[in-house]
Amino acid sequence: MFTLKSKIDTGSEDYKKNLDKYQDLLSEFRNRLNKVQKGGSEAAVKKHKERKKLLSRERIDLLVDRNTPFLELSSFAAYEQYNNQFPSAGIVTGIGVIHGRETIIIANDATVKGGTYIKETIKKHIRAQEIALENHIPIVYMVDSGGVFLPEQDEVFPDKYHFGRIFYNQSKLSAEGIVQVAIVMGSCTAGGAYVPAMSDETIIVKNQGTIFIGGPPLVKAATGEDVSAEELGGADVHTRISGVADHLADNDTHALQICRNIFENLNPAQKQNLGQIPIEPPHYDPEELYGIIPADPKKPIDPREIIMRIVDGSKFQEFKENYAPTIVTGFARIMGYPVGIIANQGVLFSETSLKAAHFVELCNYRKTPILFLQNISGFIVGKEYEHKGIARDGAKLVHAVSTASVPKFTVIFGGSYGAGNYAMAGRAYDPRFLFMWPNSRISVMGGEQAAEVLSRVKIDQMKAAGKEMPEEDIKKIKEDILEKYQHESSAYYSSSRLWDDGIIDPADTRKIIAMGIATSLNQPFPEPKTGVYRM
Ligand code: COA
């Protein structure tokens, strides 16, 4: 393969300006991440530690194989919502390696409102289960939760993807042969009691873990019976009398060791072989990405400059290099794994869509995972393009992306707008993972375009009624929309609502995508299958 050659001058004023701006974005990102990863209030953390309990991220550190990374997902869930009272939505999820197996870990954070579930907590929990299902990997639940956050009951209880879905998923996952282990490290109340009760094996910590359908106050109210939590559903009860739990642990560390022992005795994962070759670092330093993202988001970026800082040896076998240049397609290796890359370099035209759809088919039939690098303002508009059938050609790409049988990975490195988001494997198109860079933006269209469209609609409405809209009213509509879009299109706004799997440092992209590919190898990719392409 050819090694890409950079056209960036890392000594230029432009580069330095970009770098300065990006350093600010990165320190904001790191500070915010640091803050949410502290969990609940200082008082709640203190109380938790006084009970001799480990924090959720400390528990995860002890569970995973030493010197292996933990890929934490959606750390910014619920960020800037609920008065910031739910850091990471009170739950830590991610992929860690236990005895060599990629595993989903779902850990309640009891320092955040007793580990209770709001809408985003449930979304995060369910998303983690979905990742386990798609990639056929085990799950460890570290349970320490008071169940649903009762004031939010209308957002969390009865709907299809609310609390009940967690236990439905557990049954379905089990039927697919996916191993699930629960470690009860605190409270496990009401519906939450089903998490350990539906796992393959359950560990419970002595004088700390409890499992019950109704806690002591509810029992008292319902039957008048006086009973302590320990007597009702403590570790001794469940390992000796009820049999709801299988292993008794002395403390958190012991429980985590038992869980590791369970993994040690599982049958080894049957991973498919993609023909991984020795890893070669990129020829260009990934940290140069910070100086490549333009300080002005409207400036174009040649995505090859990004690709060469992500792929092994900066080597890229470009496909149809001279045809439809607003999309860049080609093959490369990431940490030794083969990957097809589709990256934007401008709006999507008919020929761009056809080129990308063709490339998706190549990847499908060669069983090569696809990485989508999104920086897309949308499909081209106008009479000429409609007459040429942009809708039909765009549909081919949307179809190819939707039915692709190989794993898709999406990274948004710039803007993600309109149907461009869909055609480039946005969240609705089931990429195995979708990550955003701190500078990236996502909304149905750009703020300026939305302001223009909405003010035009209002002006036309008034005109139809025989009136004219005063200039200052038009200005006000535009300003309001611009401000709203500016706020709502940020990566943090997206991550807070789980439209993605997290915000990542651009320099980590390569490692994170490689971990995603490694995870996807836990079951064979299905045979390609497509529907009707309109010609
Ligand atoms: N809904 C809403 N808030 C809850 C809650 C629930 N189910 N359970 C706990 N909280 C809140 C508390 O009000 C408290 O809020 P604050 O920090 O603003 O004061 C915070 O979570 C911590 O609770 P606290 O009781 O002080 O902590 P703890 O560690 O001693 O106990 C629990 C945690 C979860 C064991 C205990 O709060 C409890 O039993 N909660 C009720 C559980 C229940 O019955 N759930 C049924 C849901 S279907």
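No experiment lies behind these values; they were computed from the predicted model shown.

**Student:** Is there a simple way to explain the layout of surface pockets in this structure?
**Tutor:** Gaps left between atoms show up when a probe the size of a water molecule is rolled over them. Space inside the largest pocket adds up to approximately 1200 Å³. Lining the largest pocket are 46 residues, and of these Pro297, Lys298, Gly415, Tyr417 and Arg441 lie nearest its centre. Of all the secondary-structure elements, those providing two or more residues to the lining of the largest pocket are helix 1 (13-36), strand 11 (370-376), strand 12 (408-417), strand 14 (441-443), helix 18 (447-464), helix 19 (471-488) and helix 20 (491-496). With 5 residues, the top contributor of residues to the lining of the largest pocket is helix 1. Considered as a void within the structure, the second largest pocket measures approximately 620 Å³ in volume.

**Student:** For this particular structure, what's the right way to read the sheet that holds strand 6 (residues 201-205)?
**Tutor:** One key point about sheets: their strands pair by backbone hydrogen bonds, in either a parallel or an antiparallel sense. Here 7 strands make up an open sheet; going across it, the order is 1-2-3-4-5-6-7 and the pairing mixed. Whereas interior strands pair on both sides, the edge strands pair on one side only; in this sheet they are strand 1 (71-73) and strand 7 (247-249). If you compare each strand with its neighbour and ignore which way they point, the axes differ by 20 degrees on average. The pairing of strand 6 with strand 7 spans 3 bridges and is classified as parallel.

**Student:** Sorry if this is basic, but what is going on with the pairing of strand 3 (residues 101-108) here?
**Tutor:** The side chains of a regular strand alternate between the sheet's two faces. Most of strand 3 sits inside the fold, with 8 of its 8 residues counted as buried. On strand 3, burial covers both faces: Arg101, Thr103, Ile105 and Ala107 on one face and Glu102, Ile104, Ile106 and Asn108 on the other are all buried. With 8 bridges connecting them, strand 2 (residues 91-98) and strand 3 associate as antiparallel partners. Counted as the bridge partner of threonine 93 is isoleucine 106 from strand 3. Where strand 2 folds back on strand 3, the antiparallel hairpin that results is connected by 2 residues, among which histidine 99 adopts a positive phi of roughly 45 degrees. Strand direction decides the pairing type here: strand 3 and strand 4 (residues 139-145), joined by 4 bridges, are parallel.

**Student:** Honestly, unusual backbone geometry in this entry has me stumped. Any pointers?
**Tutor:** Among all residues save glycine, negative phi is the norm, and among peptide bonds the norm is trans. A positive phi angle, near 55 degrees, is found at lysine 320, a position not held by glycine. Counting through the fold element by element, lysine 320 comes out in the loop between strand 8 (317-319) and strand 9 (327-334). Positive phi outside glycine occurs at lysine 367, with the angle close to 55 degrees. Along the polypeptide, lysine 367 turns up in the loop between helix 14 (350-366) and strand 11.

**Student:** Would you mind showing me how to read the packing of aromatic side chains here?
**Tutor:** Two measures describe an aromatic ring pair: the distance that separates the ring centres and the angle between the ring planes. Inspection of the entire model under this criterion finds 18 aromatic pairs. An angle of 90 degrees between the planes, with centres 5.1 Å apart, marks the rings of phenylalanine 76 and tyrosine 492 as edge-to-face. With phenylalanine 76 in the loop between strand 1 and strand 2 and tyrosine 492 in helix 20, this pair connects stretches of sequence that are 416 residues apart. With a relative accessible area of 2%, phenylalanine 76 lands in the buried category. Assessed through its relative accessible area of 6%, tyrosine 492 is described here as buried. With 6.0 Å between their ring centres and 10 degrees between their planes, phenylalanine 433 and phenylalanine 435 make a pair best called stacked. Its relative accessible area of 2% is what places phenylalanine 435 among the buried residues. Clustering of aromatic rings is evident, with ring pairs tying together Phe29, Phe76, Tyr79 and Tyr492. Looking at lysine 320, its charged tip hangs above the ring of tyrosine 323, at a distance of 4.7 Å from the centre. It is arginine 497 that lies over the ring of tyrosine 493; its NZ or CZ is 3.4 Å from the centre.

Criteria and thresholds
- Residues numbered from 1 in each chain as written.
- Predicted model: local features only at pLDDT ≥ 70, side-chain atom pairs only at ≥ 80, totals over all residues.
- Heavy atoms only, no water.
- 1 Å grid on protein atoms, 1.4 Å probe; cavity = no way out; pocket = protein on both sides within 12 Å on 5 of 7 lines; lining within 4 Å.
- Points joined across faces, edges and corners; volume = space filled by probe spheres on them.
- Helix = DSSP H or I, 4+ residues; strand = E, 2+ residues; numbered from the N terminus.
- Pairing = 2+ DSSP bridges.
- Axes fitted to C-alpha atoms, helices over the stretch in contact; angles between N-to-C directions.
- Buried < 20%, exposed > 50% of the residue type's maximum accessible area, 1.4 Å probe, protein only.
- Phe/Tyr/Trp six-rings, centres within 6.5 Å; stacked < 30°, edge-to-face > 60°.
- Lys NZ or Arg CZ within 6 Å of the ring centre and 35° of its normal.

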